[in-house]
Amino acid sequence: SELESFVQENGHARVPFKFLKNRHLGIWVSTQRAKYKQLRKGEPSPSMTEDRIELLSKVGFEWDCSAQPWERTYEELVCFVQEFGDARVPHKFPQNPPLGNWVALQRYNYKKLQIGEQSCMTEERINLLNQIDFEWDVATRNASKESDFYNGYG
């Protein structure tokens, strides 16, 4: 299945809702979570059966991703890197505007940490971002990179 292929490729089943490589898969995964939540509330959900729950659970399906918003957006960034080759998301990225804002927020939180201010940036998050060659200071990079992005992908 498409989900199993995603799991093999990414090591998890947290398909972003706006998964650029396969938008239908992201929507389908979100729908499965909604139907599961509906069933657990005692509301009828005919297509969400115990068999389906078992099959999805076997591939590592996560039924409640709202508990991990940072990790979920990080996975969206990983998908961006896989598609575009780097983690330089334009601040106004048309396919996923919140991702550009999130990336800018990571840089802001990192700078706060560097100067000793309170920040939600952790060593674990820094390590994860470094694993995908995240650029912490983009002010020094060539300003034409963002316009190149829009010319090539926008």
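Residues numbered from 1 in each chain as written. Predicted model: local features only at pLDDT ≥ 70, side-chain atom pairs only at ≥ 80, totals over all residues. Heavy atoms only, no water.

Chemist: How should the packing of helix α4 (residues 69–84) against helix α5 (residues 97–114) be read in this particular structure?
Modeler: The geometry of α4 relative to α5 is characterised by a closest axis approach of 10 Å and an angle of 110° between their N-to-C directions. Considering the angle they form, α4 stands roughly perpendicular to α5. Across from W70, T73, Y74, E76, L77 and F80 in α4, the residues of α5 making contact are L99, W102, V103 and Q106. For the contact of α4 with α5, the class distribution of residues is seven nonpolar, two polar and one charged. (Axes fitted to C-alpha atoms, helices over the stretch in contact; angles between N-to-C directions. Helix = DSSP H or I, 4+ residues; strand = E, 2+ residues; numbered from the N terminus. Parallel < 35°, antiparallel > 145°, perpendicular 65-115°, else oblique. Contact = heavy atoms within 4.5 Å. Nonpolar A, V, L, I, M, F, W, Y, C, P; charged D, E, K, R; others polar.)

Chemist: Hey, could you run me through the nonpolar core in this one?
Modeler: Generally speaking, a soluble globular protein has its nonpolar side chains buried in company with each other. Ranked by internal contacts, the top residues of the largest apolar core, which has 21 residues, are L77, W102 and L129. Put simply, the parts of the chain that give this core at least two residues each are α4, α5 and α6 (123–131). Counting residues per element, this core draws most heavily on α4, which supplies seven residues. In this structure, V15, F19, V29 and M48 belong to the second largest nonpolar core, which totals 16 residues. (Core = buried A, V, L, I, M, F, W, Y, C linked by side-chain atoms within 4.5 Å. Buried < 20%, exposed > 50% of the residue type's maximum accessible area, 1.4 Å probe, protein only.)

Chemist: Is there a simple way to explain the packing of aromatic side chains in this structure?
Modeler: The geometry of an aromatic ring pair comes down to the distance between the two centres and the angle between the two planes. A full pass over the atoms with the stated rule returns ten aromatic pairs. For the ring pair W70 and Y74, a centre distance of 5.5 Å and an interplane angle of 10° mean the geometry is stacked. Taken together, the positions of W70 and Y74, both in helix α4 and four residues apart, correspond to about one turn of that helix. Look at W70 and you get buried, because its relative accessible area is 8%. Look at F134 and W136: their rings are 4.7 Å apart centre to centre, the planes differ by 65°, and that puts the pair in the edge-to-face class. Take F134 and W136: they sit in the same class, and that class is buried. Three or more aromatic residues link up through ring pairs in this structure, and these residues are Y36, F61 and W63. Above the face of the F61 ring, R33 is positioned so that its terminal group lies 5.0 Å from the ring centre. (Phe/Tyr/Trp six-rings, centres within 6.5 Å; stacked < 30°, edge-to-face > 60°. Lys NZ or Arg CZ within 6 Å of the ring centre and 35° of its normal.)

Purely geometric stuff here, so don't read any function into it on its own.
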